[in-house]
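Single-letter residue listing:
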Amino acid sequence: MVEKNLYVTYADGSEELLKDQSIKENPVAFVYQVKSDYPVDFQNPFLQSIAKDYPEAAITCVHLNEQGIPQASFDWRIKKAFIDTTQSLKAMSHCTRLKVCCLIVKNNRIISTGVNGTPKGFKNCDEVFSPTERLTKGYYERHHQFSEAYEVHAEMNAVLELGRNTSIDNYENLELYCSTCPCAGCAKMIAQSGIKKVFYAEAYDRMPDGAKNLQDFGIEVYKI
C-alpha cells in the first residue's frame, strides 16, 4: 500500500501534518513522505504550488519502505530542476513520435546529456517523416521500424557521451534524469554502467516495464 504525507514546519518551530492545502503564515520547511516500493512516485502538483508561493521554504522528499524505515531523502527543488531541464532540452530531438532528453549528474552538476535520434551524419527522423506523412495510416508502424533500425535512445547517447568526458575522475554516485522512463533495454545498459539512481517525469507508453526492470537491477527509481 502506498502512503503519502506532507508535513510543514513553521518559523515558530511548530509542525503539522497537512490534511488539506491550508497553510498558515511563515512556513519554513516542507517534508513529503512517500511509503512505497520502487518506483517511488513523488509527483505532486501541490509541491509545485508550494515552490512558487514559498520560494525560500525547503522542500524535502523522504522515501519510506514498507516497514516505515527511511530509505532516501533529497531536496525536491534540485531534483525537479534537473527534470525540468530534460523537459526543455528534449526539444533538440528530431524524433517525430516522442522526444526524449537524458542527463547524467554527479554532485549536482550535469556531466553528460543525450537526446534520442539517429547517429551523427545520418538522416534525421523528421527528414524521413514529413508532417503530412505523420498523419497517414501506418505511420506509427513505419516509424517504429525506422526507430528500431536507426535511432539511438537518449539514455544511450548520454552514457556514450559520459565515456568521452575525460574530466570525470570516477563514475561513482551518478544519477540519471530522463524526461521519459527508460525502456527495458536502456535499463540493462544503465545497470551495467553503475548508475544507482534514476529520476523520470513520464512513463514510456510503449514499454511501461522499464521502471520495474530498473528496480529488479537494484536501482532506486523515482518519478518527479
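This text goes with the structure placed above it.
Presented here is an overview of the structure given in this document. (Residues numbered from 1 in each chain as written. Predicted model: local features only at pLDDT ≥ 70, side-chain atom pairs only at ≥ 80, totals over all residues. Heavy atoms only, no water.)

**Some details on the pairing of strand β3 (residues 27–35)**
- As paired strands, strand β1 (residues 3–10) and β3 are joined by 8 bridges and run antiparallel to one another. If you follow L6 over to β3, its bridge partner there is Y32.
- In this structure, β3 lies alongside strand β5 (residues 58–64), joined through 7 bridges in parallel fashion. For V31, the partnering residue across the bridge sits in β5 and is T60. (Pairing = 2+ DSSP bridges. Helix = DSSP H or I, 4+ residues; strand = E, 2+ residues; numbered from the N terminus.)

**Things to note about the nonpolar core**
- In this structure, L6, F42, Y222 and I224 are the most contacted members of the largest nonpolar core, which totals 30 residues.
- When contributions to this core are tallied by element, the ones reaching two or more residues are β1, β3, α1 (45–53), β5, β6 (70–75), α2 (76–89), β7 (101–106) and β10 (197–202).
- Apart from the residues within four sequence positions on either side, F42 is in contact with Y32, V34, L47, C61, V62, H63, F74, W76, Y222, K223 and I224. (Core = buried A, V, L, I, M, F, W, Y, C linked by side-chain atoms within 4.5 Å. Buried < 20%, exposed > 50% of the residue type's maximum accessible area, 1.4 Å probe, protein only. Contact = heavy atoms within 4.5 Å.)

**Regarding the pattern of salt bridges**
- Under the defined criterion, the tally for this structure stands at 6 salt bridges.
- Salt-bridge contacts for K80 lead to D84; the nearest nitrogen and oxygen are separated by 2.6 Å. Taken together, the residues K80 and D84, both in helix α2 and 4 residues apart, mark about one turn of the helix.
- Accessibility expressed as a relative area gives 35% for D84, which makes it partly exposed.
- Between R97 and D205 there is a salt bridge, with its nearest N and O atoms 3.0 Å apart. Of this pair, R97 sits in the loop between α2 and β7 while D205 sits in the loop between β10 and α7 (210–216), placing them 108 residues apart in sequence.
- Overall, R97 belongs to the partly exposed group, its relative accessible area being 27%.
- Overall, the relative accessible area of 56% leaves D205 in the exposed class. (Salt bridge = Lys/Arg side-chain N within 4 Å of Asp/Glu carboxyl O.)

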